[in-house]
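Structural characterization, general
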Amino acid sequence: MLAAGSVAKSPALADDTWAPLSKGWEGYTNERFGTAVEIPRYLFKLVEPPPTNGDGREFKSADGARLWISASYAPSVVTDTFQEYKEWVLEHAELDRVTYKAEGKNWLVLSGPKGSTVVYRKVFEGCGAAHEVHIEYPAQRKALYDQVIARLSKSLGCAMPKR
């Protein structure tokens, strides 16, 4: 167990940095892209092995929810501008319907049902990449996940990636 305020790096995953926070949350940083976010580790367990390209991590909860934290250079590969990339994300959302959408100059949030689950995605442009929180959870657990999503979404950001 790590002491409060310490930072750990797994030897096999040098690009993943974890910092314990209070009440079962951990700070996660993927230094390949600079993605930084707070994750409720009391709720989600890490899925192994990690992606070989080092673009983020996947988590699963006991109730079937899944969480992906990832980043990519997709905005500059798929489209010419981040605005066009946001439109592309909406077109490829794979939701039954979009029930919530909000956006700013460098971010997009969308949510909606996908079968018996609810999907929430936030994409944020910064540090030369697109950073994303993507969570799918059972619709009957909405009250719990609304609180989790509020913190995940608020904490999503980036630091300059180490190259």
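Just so you know, these numbers come straight off a predicted model, no measurement behind them. (Residues numbered from 1 in each chain as written. Predicted model: local features only at pLDDT ≥ 70, side-chain atom pairs only at ≥ 80, totals over all residues. Heavy atoms only, no water.)

All right, on to unusual backbone geometry then. Backbone geometry follows two general trends: most residues other than glycine have a negative phi, and most peptide bonds adopt the trans configuration. Cis peptide bonds are those with omega within 30 degrees of zero, and the linkage from Glu-48 to Pro-49 qualifies with -5°. If you trace the backbone, Pro-49 turns up in the loop between β5 (44-46) and β6 (56-61). Despite not being glycine, Lys-23 shows a phi value in the positive range, around 55°. Examined against the element boundaries, Lys-23 turns out to sit in the loop between β2 (13-20) and β3 (25-30). Here Glu-94, not a glycine, exhibits a phi torsion of approximately 55°, which is positive. Among the structural elements, Glu-94 can be located in the loop between α2 (82-91) and β8 (100-104). (Helix = DSSP H or I, 4+ residues; strand = E, 2+ residues; numbered from the N terminus.)

Turning our eyes to something else, we now look at the pairing of β8. Sheet topology note: the β8/strand β9 (residues 107-114) ladder contains 5 bridges and is antiparallel. Each bridged residue has a counterpart across the sheet, and for Lys-101 the counterpart in β9 is Leu-110. (Pairing = 2+ DSSP bridges.)

The next thing to look at is the pairing of β9. Within β9, 6 of the 8 residues are buried, which leaves the element mostly enclosed by the surrounding structure. Connecting β8 to the next strand, β9, in antiparallel fashion are 2 residues. When β9 meets strand β10 (residues 117-126), the two strands line up antiparallel, connected through 8 bridges. Bridge pairing links Val-109 to Lys-122 in β10. Two successive antiparallel strands, β9 and β10, enclose a turn made up of 2 residues, where Gly-115 displays a positive phi of approximately 65°. (Buried < 20%, exposed > 50% of the residue type's maximum accessible area, 1.4 Å probe, protein only.)

A few words on helix α3 (residues 142-155). With 14 residues, α3 ought to run about 20 Å at 1.5 Å a step, and its terminal C-alpha atoms sit 20 Å apart, in line with that. Taken residue by residue, α3 has Tyr-145, Val-148, Ile-149, Leu-152 and Ser-153 as its buried positions. For α3, the angular spread of the buried residues around the axis is 130°, confining them to a single face. Residues of α3 that are exposed and point more than 90 degrees away from the buried face comprise Ala-143, Gln-147 and Lys-154. (Expected span 1.5 Å × (residues − 1). Arc of directions from axis to C-beta.)

Here we take up the confidence of the model for the protein chain. Summarising the model, the protein chain shows a mean pLDDT of 88, and 89% of its residues fall at 70 or more. For residues 1-13, every residue scores under 50 in pLDDT, and the model assigns this stretch 21 contacts once sequence neighbours within four places are set aside. (pLDDT = per-residue confidence, 0-100. Contact = heavy atoms within 4.5 Å.)

So, on to the nonpolar core. One recurring pattern in soluble globular proteins: nonpolar side chains tend to sit buried together. Within the largest apolar cluster, 23 residues are counted, with the highest numbers of intra-cluster contacts made by Val-37, Ile-39, Phe-44, Leu-67, Ile-69, Ile-135 and Tyr-145. Looking at this core element by element, the count peaks at 4 residues for α3. Look past the residues within four positions of Tyr-145 in its chain and what remains in contact with it is Leu-43, Phe-44, Ser-61, Asp-63, Ala-65, Ile-135, Tyr-137 and Pro-138. (Core = buried A, V, L, I, M, F, W, Y, C linked by side-chain atoms within 4.5 Å.)

This structure, assessed with the given rule, holds 8 aromatic pairs. With 4.9 Å between their ring centres and 20° between their planes, Tyr-137 and Tyr-145 make a pair best called stacked. The residues Tyr-137 and Tyr-145 share a single accessibility class, namely buried. One aromatic cluster is present, formed by Trp-18, Tyr-28 and Phe-59 through successive ring pairs. Cation over ring: Arg-41 sits above Trp-18, and NZ or CZ is 4.9 Å from the ring centre. Here the guanidinium or amino end of Arg-151 rests over the ring plane of Trp-25, the centre of that ring lying 4.1 Å away. (Phe/Tyr/Trp six-rings, centres within 6.5 Å; stacked < 30°, edge-to-face > 60°. Lys NZ or Arg CZ within 6 Å of the ring centre and 35° of its normal.)

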